[in-house]
Amino acid sequence: CGSYSLFGDSQLYPSSIIKELGVNIRKYKDKYSLYSDEYNKILLIRNIDLMKKYGIISNELIDLYNTYLLDDYLKYDNTFKVKDQETYLQNIKKIYEEKIKLSYSSMDTYNKCPFAFYIENVLKLNKFENNFPLFIGNLYHYVLEKVFSNNNYDELFIDKLIKDYIEESNGKKDNFALQPKEQFLLKRLVKELKEVIKVIVEQNTWIKYSNVLLEKKISIQEELEYKGFKTIKEFNGIIDKVYYQEIKNDEKTQTYVTLVDYKTGIVNIKLDLIEYGLSMQLPVYIYLLKESKLFENIKIGGIFIQNILNKDYKTEKLDDRKMEQLYYKERYNSLKLDGYLCNDNGGFDSTEENSLIIKGLRKTKEGFFYANSKVLSNDEIDNIFNVTKNIINNTYKMILDGYFPIKPKLIEKKFYSCEFCKYNDLCYKTYKDVSRISIRGEDNA
């Protein structure tokens, strides 16, 4: 058979073979196709919509409805599936430039919800947007690193660092333009930053470790072969502060290391979520230091965060001198290290009996730590390292498998994964997609 049609202003003529074969030509009046099932199904859906919404029943609807069975009408499959594994792996290799790179933040995104990782790190749909909190966080980190690496706490030096940073930021393409209210707030935050420096200088007088590394970048690279696919896996991280002390004993050097990470926002440091791959910043630092072999015969002395952004304090009306004393005391307490000390720590804290630098750390008269003191054994540290290493390796494998389900985490009736997610409009999560996590207990390592 043959066909021909009119299109626009041009007439398309039938082939001469139609006449030679004596084929009868009839005009096709029906709207549906004799040749495309796919087109007819789309047309059927349109006609069903017209019937449901407006009560219109067309001839095409009757003919098509009797021909096609639509089991999936008004059904939506929101799951993500990789149809061609080989093509996917080749694309992944191109995207990551022969290396699959992960960090704490990207792995945290994956374990909160694999689909969010796919949107952000594979499709690259995340548009970087600078903002005031990010600007302040970077400013604080920059100034603290420069001040303590130069051992220069002079106020004029600090002012110059701040001025240089702001000028450098203004010259960048993605710079953040400070509005008048933010310039006003910046003055207050700069004053607080100087107070933070004073407190940390005082705290350092009680820390017995004699050496420190600042803004230490660590990269772990290994060959990865998985299901016949070969690539390089690279895991990166930056540790704000690494205190360390080498102790020689019986001609053997033991290096005690304590990690501190500055924070200008809220962070969860509980260890009861590690098995789910969540709240792993401090465990990741243990992994980076042990795997990097940066130190000889390493032993972790402690893992801490230090919240360097002030909070408002409610106080009674006092005279100026008492108010200043009370404020400094609260400021000092808020800057105490928050995290976990190891019971074998090489004497990190000279005030360990009733610590001036570690939050909630106290000992009884008998020399035992109180129950609420966060103290870990060497076995617990080793377990944290092993669990973290397994989670990192499994994350790489799941990425290579193209495993990106919509699977947000619900913890204690709160959507842990979705609270600040930018991709809520893309995922269409359902009740069955949610992974519910029950916390067994506080600080359960």
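The rules we used
- Residues numbered from 1 in each chain as written.
- Predicted model: local features only at pLDDT ≥ 70, side-chain atom pairs only at ≥ 80, totals over all residues.
- Heavy atoms only, no water.
- Helix = DSSP H or I, 4+ residues; strand = E, 2+ residues; numbered from the N terminus.
- Axes fitted to C-alpha atoms, helices over the stretch in contact; angles between N-to-C directions.
- Parallel < 35°, antiparallel > 145°, perpendicular 65-115°, else oblique.
- Left-handed = near helix turned anticlockwise from the far one by under 90°.
- Contact = heavy atoms within 4.5 Å.
- Nonpolar A, V, L, I, M, F, W, Y, C, P; charged D, E, K, R; others polar.
- Polar contact = N/O pair within 3.5 Å; in protein donor to acceptor, adjacent residues only side chain to side chain.
- Core = buried A, V, L, I, M, F, W, Y, C linked by side-chain atoms within 4.5 Å.
- Buried < 20%, exposed > 50% of the residue type's maximum accessible area, 1.4 Å probe, protein only.
- Pairing = 2+ DSSP bridges.
- Salt bridge = Lys/Arg side-chain N within 4 Å of Asp/Glu carboxyl O.
- pLDDT = per-residue confidence, 0-100.

A. Unusual backbone geometry, seen in detail. The residue Asn151 is not glycine, and still its phi comes out positive at about 50°. Among the secondary structure elements, Asn151 is positioned in the loop between helix H7 (132-150) and helix H8 (155-170). With phi around 50°, Asn297 is a residue other than glycine that occupies positive phi space. Summarising the element assignment, Asn297 is placed in the loop between helix H10 (281-292) and strand S7 (298-307).

B. Geometry of the packing of helix H2 (residues 37-54) against helix H3 (residues 59-67). At a minimum axis separation of 9 Å, H2 and H3 run at an interaxial angle of 125°. With respect to their mutual orientation, H2 and H3 come out oblique. Where H2 crosses over H3, the handedness of that crossing is left-handed. Every residue of H3 that contacts H2 at Asn40, Leu43, Leu44, Asn47, Ile48 and Met51 is listed here: Glu60, Leu61, Leu64 and Tyr65. Grouping the amino acids of the contact of H2 with H3 by side-chain chemistry returns seven nonpolar, two polar and one charged.

C. Spatial organisation of the side chain of Asn40. Residue placement: Asn40 occurs in helix H2. Of note is the side chain of Asn40, whose polar atom sits 3.0 Å from the side chain of Tyr68. Not counting residues up to four positions away in its chain, the partners in contact with Asn40 are Tyr32, Ser33, Leu64 and Tyr68.

D. Local environment of the environment of Lys217. Turning to its location among the elements, Lys217 is positioned in strand S4 (residues 211-226). Dropping the residues within four chain positions of it, Lys217 is found in contact with Gly237 and Ile238.

E. Representation of the packing of H7 against helix H9 (residues 180-204). Relative to each other, H7 and H9 sit at 35°, their axes nearing to 11 Å. Note that H7 runs across H9; the crossing there is right-handed. On the side of H7, the interface is formed by Phe132, Phe135, Ile136, Leu139, Tyr140, Val143, Leu144, Val147 and Phe148, while H9 contributes Glu182, Leu185, Leu186, Leu189, Glu192, Leu193, Val196, Ile197, Ile200, Val201 and Asn204. For the contact of H7 with H9, a count of residues per class yields 17 nonpolar, one polar and two charged.

F. Representation of the nonpolar core. In terms of nonpolar packing, the biggest core is built from 57 residues, with Phe235, Leu259 and Leu289 touching the most fellow members. Looking at this core element by element, the count peaks at eight residues for helix H12 (residues 378-400). Excluding residues within four positions of it along the chain, Leu289 makes contact with Ile218, Ile239, Val242, Val257, Leu259, Leu294, Phe295 and Ile298. Formed by 40 residues, the second largest nonpolar core is a distinct cluster that contains Ile162, Ile207, Tyr332 and Leu341.

G. A look at the sheet that holds strand S10 (residues 409-411). Strand order in the open sheet formed by three strands is S11-S10-S12, and the pairing between neighbours is mixed. Of all strands in the sheet, those bounded by a partner on one side alone are strand S11 (414-415) and strand S12 (435-437). Here two bridges tie S10 to S11, and the two strands are oriented antiparallel to one another. Looking at the pairing, Ile411 lines up with Lys414 of S11.

H. Spatial organisation of the pattern of salt bridges. For the coordinates displayed, the defined rule picks out 14 salt bridges. Salt-bridge contacts for Lys194 lead to Asp159; the nearest nitrogen and oxygen are separated by 2.7 Å. Of this pair, Lys194 sits in helix H9 while Asp159 is found in helix H8, placing the two residues 35 residues apart along the sequence. Classification of Lys194 by relative accessible area gives buried; the value is 16%. Take Asp159: its relative accessible area is 32%, and that puts it in the partly exposed class. One salt bridge connects Lys160 with Asp164, and the closest N-O pair in it is separated by 2.8 Å. With Lys160 and Asp164 both in helix H8 and four residues apart, the pair spans about one turn of that helix. Of the residues examined, Asp164 reaches a relative accessible area of 27% and is grouped as partly exposed. Each of Glu155, Asp159 and Lys194 takes part in a single network of salt bridges with overlapping partners.

I. Local environment of the confidence of the model for the chain. Looking at the chain, the pLDDT average stands at 84 and 89% of residues meet or exceed 70. Considering only residues more than four positions removed or in separate chains, one finds that residues 441-445, a stretch of pLDDT under 50, has 14 contacts.

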